[in-house]
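Read off the chains here:
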Amino acid sequence: MNTPNPQLDAQGHLKHFLTIEGLSRELLTEILDRAEGFLGVAQQAVKKVPLCRGKVVANLFFENSTRTRTTFELAAKRLSADVLNLNISTSATAKGETLLDTLHNLEAMHVDMFVVRHATSGAAHFIAAHADPHVSIINAGDGRHSHPTQGMLDMFTIRRHKPDFASLRVAIVGDILHSRVARSQILALTTLGVAEIRVIAPRTLLPSQVEEAFGVRAFHDLSEGVRDVDVVIMLRIQRERMNSALLPSEHEYFHLFGLTEKRLSGARPDAIVMHPGPINRGVEMDSQVADGPRSVILEQVTNGIAVRMAVMSMCIGTQTLNSQGRGEFLNG
Amino acid sequence: MVNASRISLCNGRLIDPASGIDRIADLHLAEGWVLAIGDAPEGFRPERTLDARGLIVCPGFVDLCARLREPGHEQKATIASETRAAAASGITMLCCPPDTLPVIDTPAVAQLVHQTAERLGYAHVLPAGAVTQGLEGRKITEMAALKQAGCPVLSQADRPIRNAQVQRRALEYAATFGLTVFLHPRDQDLGEGGCVHEGRMSTRLGLPGIPEASETVAVARDLALAEQTGARIHFRGLSTARGVAMLAEARRRGVRASGDVSLHQLFLTEADLAGFDANCHLIPPLRTLADRDALRAALARGDLAAICSDHQPHDADAKLAPFPETAPGISSLETLLPLALRLVAEGVLDLSGAIERLTAGPAAILGRNLGRLAPGDPADLCVFDPGEIWIPTAETLVSRGHHSPFLGQEMRGRVVWTLLGGRVVFEKQG
């Protein structure tokens, strides 16, 4: 079906950021370039730019997440927006209020942007389809579907170390089945034109027809899968997947799919290791790798703020940035 | 409504697959029955003559699965609202599954549904009796009493029996009374939590999947039990190529099994899920193009004997949520005829074949010698204009349910008159 992309306005500008799917390489590159400009803001004495001054951003988290919510909050505040934090989790819906009731109540407070996290795939699309036309929606994670700002901050981190996407081999290791992060990474890497994407996991953690669905290669052996790759992305494994029909134990998982220096030795000598956090040390990777020279895990957190500033300012910003990261008015 | 008891339909193209008729002929009705085809009997004076020139006259459609939502879910629809929609769709007889509230597991509820519909007079409604009490899959119902109360078949609706021993006993007991059991083949554990076909699209959209094996495991089990018990089973709404192939193979061996398909499965696939359209939230889920083509082929061969609407009207709120949290099902009575004609246009069936699978085919599964227009048959019939182009919209649907992925699409073929027992129960306006 050729429906118009719900994320873009009539001029082709970013209106919502719901998924990487359907966005052009130029637009993704614009996000990355803009984020470069925002990296400097954190080093300024006054860590603020006025791009979203007078705008109201509401963090609407139906699922708990301190880390992601905090980086969105910081990003919005550095853009000089006013921020509302709403931890809905289950309280509102437990009272019988529907998702749309919650949304419309907040719209009545003249919010300009909702940053939404929800446990159900498709929730951000649903909210974007029913929100007031002047409101922008940023998807901060919906079910297993999409977490596009995480995907873009990972692209940003990769680009700072490996500027040429076209030459890269990237391996994503772990629970691909349940991971919205992996889906966003795969779509972003594909759009940015990397040479090869591999997914590495036992069959129980790979979604059906993953190779055909995404054009990736599937591996079930970690050492083989990371051979000659430039980037290794480890995914977080939820504890509740253990001792189930999906995985027998943490012990066997780490034994087969945990990243160690030894296993990493087959990757390119300058390969970087990433993880969206928080890490389960001794399950997904050992501490030697997590804290080692190839790890860029903490950079990812720093970059997350810049990338979220970029996306937010593209959706609701009133001004553009010059190369020094200072605000400049457009259209007076 | 016209209550003439003698009606002549003149100059229409009469298509009655059951009696092999396809020619321009007049049809004369008297006192609710078909009196004659061709020349009127001597002395016959019609009180009303309907000019069917350029139109097709065929038996009224028989729909094996349409939810009316009454009793229990009147916020969605009622027997009155949905049988009116059935009449507007050329449907004169429909079978409703037992998942009402209370469940149709006692003669009282069965009679309530049947008699309410008869009193309203828009379409005959045959309730499918529940196989187990409360549809809970544990204790079987008083099947003989349900049969007595007018249930032509039994069904578990969308709540298949998990326990194979209960299923076996239920089939044996039903077979005692010659009752066909409708089965929605789904292994509940394999499909647990799923809302779309497990495949490329579920992987791309991150939606929990229902694998093909959820259907084939259930088909295999139920075919084995039918073979063991000699019971007669009918698979309601097959969705996979392999499921249909298993049914066809078992039928060749003489297993007393049949199957049907929901009409939307012949047009939509998992690819239509892009954009999280809740109107494509269907159970069984929309599957692959290869599955869709295999279903079309099985329908053409006759391995699938009937086309169903699988009508499921919903209130607006039921679809106002993120995709997995919406209620599955669509309102599909009024697109039944034009979509069946689309199958003809696309070369899947010829016109007579399409009408057969909407009339005599499903009637035979209900064990009724209906869905035909020979002299002496009830005057339940549909007259339609095969060329009229129209666009269904939420505003124009007669059904209380306004959810359909086909709204806004150009449809060809529209019902002009529906007659039930010789009475005009629907007449196209304008």
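Residues numbered from 1 in each chain as written. Chains lettered and ligands numbered in written order. Predicted model: local features only at pLDDT ≥ 70, side-chain atom pairs only at ≥ 80, totals over all residues. Heavy atoms only, no water.

What about the overall build of chain A?
Here is step 1: Each helix and strand in chain A was counted, giving 13 helices and eleven strands.
Here is step 2: Expressed along its principal axes, the backbone C-alpha trace of chain A runs to roughly 55 × 50 × 40 Å.
Here is step 3: Here chain A holds 332 residues, and 58% of them are scored as buried. (Helix = DSSP H or I, 4+ residues; strand = E, 2+ residues; numbered from the N terminus. Buried < 20%, exposed > 50% of the residue type's maximum accessible area, 1.4 Å probe, protein only.)

Remarks on the interface of chain B and chain A
Here is step 1: Taken together, the 19 residues of chain B in the interface contact 23 residues of chain A.
Here is step 2: Counting the surface lost from both chain B and chain A, the interface buries some 1800 Å², and carbon and sulfur atoms represent 60% of this.
Here is step 3: Area buried by chain B at its contact with chain A is led by Arg-200, Thr-203 and Arg-204 of chain B, which between them contribute 36% of it.
Here is step 4: On inspection of chain B and its partner chain A, the count reaches seven residue pairs in polar contact (both at pLDDT 80 or more). (Contact = heavy atoms within 4.5 Å. Buried area = accessible area lost by both parts, 1.4 Å probe. Polar contact = N/O pair within 3.5 Å; in protein donor to acceptor, adjacent residues only side chain to side chain.)

Here's the deal with helix H2 (residues 66-78) of chain A
All names here are of chain A.
Here is step 1: Helix length check: H2 (13 residues) gives 18 Å between terminal C-alpha atoms against 18 Å at 1.5 Å per residue, within 8%.
Here is step 2: For H2, every residue scored as buried is listed here: Thr-68, Arg-69, Thr-71, Phe-72, Glu-73, Ala-75, Ala-76 and Arg-78.
Here is step 3: Tucked inside the fold, the buried residues of H2 contact strand S1 (56-61), strand S2 (82-87), strand S3 (113-118), strand S4 (136-142), helix H6 (148-161) and helix H13 (297-316).
Here is step 4: The backbone nitrogen of Thr-68 lies 3.2 Å from a side-chain oxygen of the residue at the head of H2, namely Ser-65. (Expected span 1.5 Å × (residues − 1).)

Let's talk about the domain arrangement of chain A
Interface size is commonly expressed as the accessible area that is lost once the parts come together.
All names here are of chain A.
Here is step 1: Structurally, chain A comprises domain 1 (25-146 + 303-329) and domain 2 (148-299).
Here is step 2: Opposite the 26 residues of domain 1 that make contact, domain 2 presents 25 residues.
Here is step 3: Where domain 1 abuts domain 2, roughly 2200 Å² becomes buried across the two surfaces, and 58% of that area is made up of carbon and sulfur atoms.
Here is step 4: Sorting the residues of domain 1 by area buried against domain 2 places Leu-32, Arg-144 and Asn-303 first, and these three jointly supply 31% of that buried surface.
Here is step 5: The interface formed by domain 1 and domain 2 contains four salt bridges.
Here is step 6: Between Arg-160 and Glu-36 there is a salt bridge, with its nearest N and O atoms 2.6 Å apart.
Here is step 7: Along the contact surface separating domain 1 from domain 2 lie ten residue pairs in polar contact (both at pLDDT 80 or more). (Domains from an automatic or database assignment. Salt bridge = Lys/Arg side-chain N within 4 Å of Asp/Glu carboxyl O.)

Structural notes on the pattern of salt bridges
All names here are of chain B.
Here is step 1: One pass over the full model with this rule turns up 40 salt bridges over all chains.
Here is step 2: Residue Glu-346 pairs with Arg-296 through a salt bridge whose shortest N-O separation is 2.8 Å. Placement of the pair is Glu-346 in the loop between helix H9 (336-345) and helix H10 (351-356) and Arg-296 in helix H8 (residues 289-301), with a sequence separation of 50 residues.
Here is step 3: Overall, the relative accessible area of 10% leaves Arg-296 in the buried class.
Here is step 4: One network of salt bridges, with partners in common, ties together Arg-67, Asp-99, Asp-158, Arg-186, Arg-236, Asp-260 and Asp-310.

Digging into the environment of Val-231 of chain A
Residues and elements named next belong to chain A.
Here is step 1: Tracing the sequence through the fold places Val-231 in strand S8 (residues 231-234).
Here is step 2: Between the alpha carbons of Val-231 and Val-273 there is a distance of 6.1 Å; along the sequence they are 42 residues apart.
Here is step 3: Not counting chain neighbours up to four residues away, the residues in contact with Val-231 comprise Ile-158, Arg-169, Val-170, Ala-171, Ile-272 and Met-274.

Looking at the pairing of strand S21 (residues 423-427) of chain B
Residue and element names in this part refer to chain B.
Here is step 1: Pairing of strand S20 (residues 411-420) with S21, which is carried by four bridges, proceeds in the antiparallel orientation. Of the residues in S21, the one forming a bridge with Trp-417 is Glu-427.
Here is step 2: Where S20 folds back on S21, the antiparallel hairpin that results is connected by two residues, among which Gly-421 adopts a positive phi of roughly 55°. (Pairing = 2+ DSSP bridges.)

Remarks on the side chain of Thr-180 of chain B
Residue and element names in this part refer to chain B.
Here is step 1: On the secondary structure map, Thr-180 appears in strand S13 (residues 180-183).
Here is step 2: On the basis of relative accessibility, which here comes to 7%, the residue Thr-180 falls in the buried class.
Here is step 3: In this view, Thr-180 contacts Val-153, Leu-154, Arg-232, Ile-233, His-234 and Ile-365; residues no more than four positions away in its chain are not counted.

Let's talk about the packing of aromatic side chains
Here is step 1: Enumeration over the complete set of coordinates arrives at three aromatic pairs over all chains.
Here is step 2: A ring pair is formed by Tyr-173 of chain B and Phe-177 of chain B, whose centres lie 5.0 Å apart and whose planes are at 75°; its orientation type is edge-to-face.
Here is step 3: On the basis of relative accessible area, Phe-177 of chain B is assigned to the partly exposed category, the value being 24%.
Here is step 4: Of note, Arg-308 of chain A hangs over the ring of Phe-72 of chain A, and the distance from its end group to the ring centre comes to 4.7 Å.
Here is step 5: A cation over a ring is seen here: Arg-342 of chain B above Phe-267 of chain B, with NZ or CZ 5.6 Å from the ring centre. (Phe/Tyr/Trp six-rings, centres within 6.5 Å; stacked < 30°, edge-to-face > 60°. Lys NZ or Arg CZ within 6 Å of the ring centre and 35° of its normal.)

Things to note about the side chain of Glu-284 of chain A
Residue and element names in this part refer to chain A.
Here is step 1: Within the secondary structure layout, Glu-284 lies in the loop between strand S9 (272-274) and helix H12 (287-290).
Here is step 2: Among buried charged residues, Glu-284 stands out as having no salt bridge; its nearest opposite-charge side chain is Arg-236, 5.0 Å away.
Here is step 3: Reaching out from Glu-284, the side chain makes a polar contact with the side chain of His-275 at a distance of 2.8 Å.
Here is step 4: Those residues in contact with Glu-284 that lie beyond four places of it in its chain are Met-234, Leu-235, Arg-236, Ile-237, Phe-257, Gly-258, Leu-259, His-275, Pro-278 and Ile-279. (Lys, Arg positive; Asp, Glu negative; His and termini not counted.)

Let's talk about the packing of H6 of chain A against helix H7 (residues 180-191) of chain A
Residue and element names in this part refer to chain A.
Here is step 1: Between H6 and H7, the shortest axis-to-axis distance is 8 Å and the interhelical angle comes to 50°. Our classification of the angle between H6 and H7 gives oblique. Here H6 runs over H7; the crossing is right-handed. Residues Pro-148, Gln-150, Gly-151, Met-152, Asp-154, Met-155 and Ile-158 of H6 pack against Val-181, Ser-184, Gln-185, Ala-188 and Leu-189 of H7. (Axes fitted to C-alpha atoms, helices over the stretch in contact; angles between N-to-C directions. Parallel < 35°, antiparallel > 145°, perpendicular 65-115°, else oblique. Left-handed = near helix turned anticlockwise from the far one by under 90°.)

Quick notes on the pairing of S1 of chain A
Residues in a regular strand point their side chains to alternate faces of the sheet.
Residue and element names in this part refer to chain A.
Here is step 1: Burial analysis of S1 places six of its six residues in the buried class, the great majority of the element.
Here is step 2: Residue alternation in S1 divides its side chains into two sets, Val-56, Ala-58 and Leu-60 and Val-57, Asn-59 and Phe-61, and both sets are buried.
Here is step 3: Across six bridges, S1 lies against S2 in parallel orientation. Considered in S2, the bridge of Asn-59 is made with Asn-85.
Here is step 4: Handedness of the S1-H2-S2 crossover: right-handed.
Here is step 5: Bridge analysis of S1 against S3 gives five bridges, and the strand direction is parallel. Opposite Phe-61, over in S3, you have Arg-117 as the bridge partner. (Right-handed = clockwise from strand over helix to strand, strands pointing away.)

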